[in-house]
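Examination of the molecular architecture
One letter stands for each residue in the lines below.
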Amino acid sequence: MAEPVGVRPDEAGGPAPAPRRATNKGPGRLLIAVYILFAIAATSRAGLQIATKFDEAPVAYLLSAVAALIYIVAAVGLGRAGHAGRRVALACCSVELVGVVAVGILSLADKELFPDETVWSGFGSGYGYIPLVLPVLGLLWLWRTRHATA
Amino acid sequence: MPPMTSAAAAGSPVDGLLATTTIVLSLVLAGWALVAALRHRPPDRVQFVGLAVLEVALLALAVVALVALSGGERPGEPGAFFGYLVTLVCLPPLAWVLARMEPTRWGSAIVCAICLVTPVVVVRLGQTWEVLGG
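Worth saying up front: this structure is predicted, and the values here are computed from it rather than measured.

Now for the overall build of chain B. A count of helices and strands for chain B gives five helices and zero strands. Counted from the first residue to the last, chain B has its helices and strands arranged as α-α-α-α-α. The buried share of chain B, taken over its 134 residues, is 42%. Considering only intrachain contacts with a sequence separation of at least 6, the fraction spanning at least 24 residues in chain B is 83%.

See below:
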């Protein structure tokens, strides 16, 4: 894929070329944007559910809160772009993928457990299945940027 | 589709011409940004001006909603309504900032993505107003 022409100096002011390609440039920035959107969506949802009707479905609402936290940390990890950032993002994307698949299966198998929707119910069907696709894209992006571009 | 009560149909401040305008504007902008992204173009003036116009329209929508509230009207789900309203007016600025940081085709892709999310939030905003008694 052709790299954009107008490459500008690193605005973060970090040390020049990192040993690995930055995760917060180009497609990575789009990924971060989507993570921010999901962080906002999951945080507001969890906050509202826990504040107003926690007793109705505590498991579902706590899960929403965990999902929200993971989206936030993943966005920060991808945005930081350093070695630690990569590891944080890798952990988050992995947990997220396992979570969305597990919750997807559980929400189909045992409706009692999740009487109310969460971000991850039905494999994220309420959010256009993006919760299922997002961690995969995140992992692919981490894989693609594992080497520095010469 | 929730049943439309006559009160909701007549009184919803966030489901009229203004809401439709924001949806159409946002989708047109998303289309423009998508073409730019596919052509390897960074966000252009049209996208930034479009985001500004979209933000003005969304702020107008928020003002209309607040005026209705001060007039004694109440949304069906107040908590969700305000959550969506606050999120909504933050979306174009978020797209603006990220697009400024990314002057490549991916900046246009970010504008496209956020402009696809905005209409969804506008529609949800309308729904949270109209749930009158469930």
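Right, let's get into the confidence of the model for chain A. Residue and element names in this part refer to chain A. Put simply, chain A has an average pLDDT of 83, and 85% of its residues get 70 or more. Within chain A, no element has a lower average pLDDT than helix α2 (residues 58–80), which sits at 91, and none a higher one than helix α4 (residues 130–144), at 94. Here residues 5–16 scores under 50 on pLDDT; set against residues more than four positions off or in separate chains, the count is one contact.

This brings us to unusual backbone geometry. Residues other than glycine seldom take positive phi values, yet Tyr129(A) does so here, at roughly 60°. Tracing the backbone shows Tyr129(A) in the loop between α3 (83–109) and α4. For Tyr129(A), a count of 14 C-beta atoms within 10 Å puts it in the partly exposed group. Positioned with a positive phi, His40(B) is a non-glycine residue whose angle comes to about 60°. Structurally, His40(B) is set in the loop between α2 (17–38) and α3 (45–70). On the basis of neighbour count, His40(B) is assigned to the partly exposed category, with 13 C-beta atoms found within 10 Å.

In this assembly, 17 residues from chain B lie in contact with 14 residues from chain A. Those elements that provide at least two residues to the side of chain B that touches chain A are α4 (78–101) and α5 (105–130) of chain B. Of the residues that constitute the side of chain B that touches chain A, the class distribution is 11 nonpolar, four polar and two charged.

Once that is clear, we can look at the nonpolar core. The biggest cluster of nonpolar side chains holds 72 residues, and the ones touching the most others in it are Tyr35(A), Tyr71(A), Ala95(B) and Ile110(B). Elements that contribute at least two residues to this core include exactly α1 (27–53), α2, α3 and α4 of chain A together with α2, α3, α4 and α5 of chain B.

Let us now look at the confidence of the model for chain B. Residue and element names in this part refer to chain B. Taken residue by residue, chain B gives an average pLDDT of 89. The fraction at 70 or more is 89%. Segment residues 3–10: pLDDT under 50, and five contacts once partners within four positions in sequence are set aside and those in other chains are kept. The complex prediction reports pTM at 0.84, with the ipTM value standing at 0.85.

Quick look at α2(A) now. All names here are of chain A. In this model, α2 (23 residues) spans 33 Å end to end at C-alpha, consistent with the 33 Å of a helix rising 1.5 Å per residue. Summarising the contacts, the buried residues of α2 are in contact with α1, α3 and α4. Looking one or two places after α2, you find Ala81, whose phi comes out positive at around 70°.

Once that is clear, we can look at the packing of α2(A) against α3(A). Residue and element names in this part refer to chain A. Across the interface, α2 lies against α3 with an axial gap of 8 Å and an inter-helix angle of 150°. By the angle class used here, α2 and α3 are roughly antiparallel. Handedness of the α2/α3 crossing: left-handed. Every residue of α3 that contacts α2 at Leu63, Ala67, Ile70, Val73, Ala74, Gly77, Leu78 and Arg80 is listed here: Ala84, Gly85, Val88, Ala89, Cys92, Cys93, Val95, Glu96, Gly99 and Val103. Taken together, the residues that form the contact of α2 with α3 break down as 13 nonpolar, three polar and two charged.

Our next topic: the packing of α1(A) against α5(B). It is the contact of α1(A) with α5(B), at a shortest axis distance of 8 Å, that shows an interaxial angle of 20°. Considered as vectors, α1(A) and α5(B) are oriented roughly parallel to each other. Relative to α5(B), α1(A) is oriented so that their crossing is right-handed. Judged by residue contacts, Pro27(A), Arg29(A), Leu30(A), Ala33(A), Val34(A) and Leu37(A) of α1(A) engage Trp106(B), Ala109(B), Ile110(B), Ala113(B), Ile114(B) and Val117(B) from α5(B). For the contact of α1(A) with α5(B), the per-class residue count stands at 11 nonpolar, no polar and one charged.

What counts and how
- Residues numbered from 1 in each chain as written.
- Chains lettered and ligands numbered in written order.
- Predicted model: local features only at pLDDT ≥ 70, side-chain atom pairs only at ≥ 80, totals over all residues.
- Helix = DSSP H or I, 4+ residues; strand = E, 2+ residues; numbered from the N terminus.
- Buried ≥ 20, exposed ≤ 12 C-beta atoms within 10 Å, placed from the backbone.
- Contact = placed C-beta atoms within 7 Å.
- pLDDT = per-residue confidence, 0-100.
- Nonpolar A, V, L, I, M, F, W, Y, C, P; charged D, E, K, R; others polar.
- Core = buried A, V, L, I, M, F, W, Y, C linked by C-beta atoms within 7 Å.
- Expected span 1.5 Å × (residues − 1).
- Axes fitted to C-alpha atoms, helices over the stretch in contact; angles between N-to-C directions.
- Parallel < 35°, antiparallel > 145°, perpendicular 65-115°, else oblique.
- Left-handed = near helix turned anticlockwise from the far one by under 90°.

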